Amino acid sequence: DSGVTQTPKHLITATGQRVTLRCSPRSGDLSVYWYQQSLDQGLQFLIQYYNGEERAKGNILERFSAQQFPDLHSELNLSSLELGDSALYFCASSETSGYTGELFFGEGSRLTVL
Amino acid sequence: AQRVTQPEKLLSVFKGAPVELKCNYSYSGSPELFWYVQYSRQRLQLLLRHISRESIKGFTADLNKGETSFHLKKPFAQEEDSAMYYCALSGGSYIPTFGRGTSLIVHP
């Protein structure tokens, strides 16, 4: 499957802990986006990387960080977790650095903080 | 700042009835509008985009710049249309922005 893959699919952890979510973009796509989907909040943009460089930042908390590696996979690090961080985290990829065209989504990583 | 508003969280219709999922946007410039759909246990995927001006699975959407709307329509809903629908906007220097989504339920 050459689509966007995200791991883990589900993650349960405790408050104060740190987790890492991983995303591999579609083959050939250089841009990776991270979105957070909380109950009733829709998709909230967190951050975008293009070819290893941070391109745009949304409402991403300081406790959260991300990076894109030379093989273009990306990781989203969430630390000092709070109950409110429980959400579905989506990764999406696209071909270009620009903001036109289709986004291709992964299946998401569901994080539950207890 | 750009914004996408989907006023309905839930839309419930019977099979064969017309469907209209509303989407309004605010944007300075020439927007690119999309509808994405998420069927149960599937990933979010593109349904259609305004520049294509095509009908996908019987759905159409027309960009109305005067009303800043991009409503999604289908004349006769089918049970398999039940899903979560997201309106999205992007273009220029603005990152893709999504509405909160509308859950469409089509009853038999």
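Parameters and conventions
Residues numbered from 1 in each chain as written. Chains lettered and ligands numbered in written order. Predicted model: local features only at pLDDT ≥ 70, side-chain atom pairs only at ≥ 80, totals over all residues. Heavy atoms only, no water. Core = buried A, V, L, I, M, F, W, Y, C linked by side-chain atoms within 4.5 Å. Buried < 20%, exposed > 50% of the residue type's maximum accessible area, 1.4 Å probe, protein only. Helix = DSSP H or I, 4+ residues; strand = E, 2+ residues; numbered from the N terminus. Pairing = 2+ DSSP bridges. Salt bridge = Lys/Arg side-chain N within 4 Å of Asp/Glu carboxyl O. Contact = heavy atoms within 4.5 Å. Disulfide = S-S within 2.5 Å. Buried area = accessible area lost by both parts, 1.4 Å probe. Polar contact = N/O pair within 3.5 Å; in protein donor to acceptor, adjacent residues only side chain to side chain. Nonpolar A, V, L, I, M, F, W, Y, C, P; charged D, E, K, R; others polar.

**Looking at the nonpolar core**
So, point 1. In terms of nonpolar packing, the biggest core is built from 25 residues, with W35, L72 and Y85 of chain B touching the most fellow members.
So, point 2. Looking at this core, the elements that each hand over two or more residues are β2 (10-14), β3 (19-21), β5 (32-38), β6 (45-49), β9 (83-91) and β11 (102-107) of chain B.
So, point 3. Counting residues per element, this core draws most heavily on β9 of chain B, at four residues.
So, point 4. By size, the runner-up hydrophobic cluster in this structure holds 20 residues, among which are C23, Y49, A87 and V113 of chain A.

**Here we look at the pairing of strand β4 (residues 31-38) of chain A**
Residues and elements named next belong to chain A.
So, point 1. Counting buried positions over the eight residues of β4 gives eight, a clear majority of the element.
So, point 2. Side chains S31, Y33, Y35 and Q37 of β4 all project onto a buried face; the interleaved residues V32, W34, Q36 and S38 project onto the opposite face, where all are buried too.
So, point 3. Here eight bridges tie β4 to strand β5 (residues 42-50), and the two strands are oriented antiparallel to one another. Along β5, the bridge assignment pairs Y33 with Q48.
So, point 4. With antiparallel pairing between neighbouring strands as the criterion, β4 and β5 make up a hairpin whose turn holds three residues, including D40 at a positive phi of roughly 65°.

**Description of the pattern of salt bridges**
So, point 1. As enumerated under the stated definition, the model contains ten salt bridges over all chains in all.
So, point 2. The salt bridge involving R26 of chain A is made with D29 of chain A; its shortest N-O contact spans 2.8 Å.
So, point 3. Between E20 of chain B and K73 of chain B there is a salt bridge, and its shortest N-O distance comes to 3.6 Å. Of this pair, E20 of chain B sits in strand β3 while K73 of chain B sits in strand β8 (residues 72-74), and the two are 53 residues apart along the sequence.
So, point 4. With relative accessibility at 29%, the residue E20 of chain B sits in the partly exposed group.
So, point 5. Residues joined by salt bridges that share partners form a network here, namely R26, D29 and E95 of chain A.

**Some remarks on the environment of C87 of chain B**
All names here are of chain B.
So, point 1. Mapped onto the elements, C87 comes out in strand β9.
So, point 2. Accessibility expressed as a relative area gives 0% for C87, which makes it buried.
So, point 3. Along the backbone, C87 and A61 are 26 residues apart, and their C-alpha atoms lie at a distance of 11 Å.
So, point 4. Discounting chain neighbours no more than four positions away, the residues touching C87 are V4, Q6, C23, L33, F34, W35, F70, T97, F98 and G99.

**Brief notes about the state of the cysteines**
Note on terminology: a disulfide is the covalent bond linking the sulfur atoms of two cysteines.
So, point 1. One pass over the full model with this rule turns up two disulfides over all chains.
So, point 2. With a sulfur-sulfur separation of 1.8 Å, C23 of chain A is cross-linked through a disulfide to C91 of chain A. Handedness here is read from the sign of the S-S torsion; for C23 of chain A and C91 of chain A, about -55°, the answer is left-handed. You can see C23 of chain A sitting in strand β3 (residues 19-24) and its partner C91 of chain A sitting in strand β9 (residues 87-94), a full 68 residues away along the chain. For the pair formed by C23 of chain A and C91 of chain A, the shared burial category is buried.
So, point 3. There is a disulfide in this structure between C23 of chain B and C87 of chain B, and the S-S distance comes to 2.0 Å. Between C23 of chain B and C87 of chain B the disulfide shows an S-S torsion of about -65°. By sign, it is left-handed. Taken as a pair, C23 of chain B in the loop between β3 and β4 (24-26) and C87 of chain B in strand β9 lie far apart in primary sequence, 64 residues in all.

**Some thoughts on unusual backbone geometry**
So, point 1. That bond from T7 of chain A to P8 of chain A is cis: its omega, -10°, falls within 30 degrees of zero.
So, point 2. Along the chain, P8 of chain A falls in the loop between β1 (5-7) and β2 (10-13).
So, point 3. Despite not being glycine, S80 of chain A shows a phi value in the positive range, around 45°.
So, point 4. Mapped onto the secondary structure, S80 of chain A falls in the loop between β8 (74-78) and β9.
So, point 5. Of note, R41 of chain B is a non-glycine position whose phi angle comes to about 65°, a positive value.
So, point 6. By relative accessible area, which is 83% here, R41 of chain B ends up exposed.

**A word on the interface of chain B and chain A**
So, point 1. On the side of chain A, 21 residues touch chain B, which itself brings 20 residues to the contact.
So, point 2. Carbon and sulfur atoms make up 54% of the area that chain B and chain A hide from each other, which totals about 1,700 Å².
So, point 3. The tally of links between chain B and chain A comes to one salt bridge.
So, point 4. Counting across the interface, chain B meets chain A through five residue pairs in polar contact (both at pLDDT 80 or more).
So, point 5. Counting only elements with at least two residues in the side of chain B that touches chain A, the list comes to β5, β6, β9 and β10 (94-98) of chain B.
So, point 6. The class makeup of the residues in the side of chain B that touches chain A is nine nonpolar, six polar and five charged.

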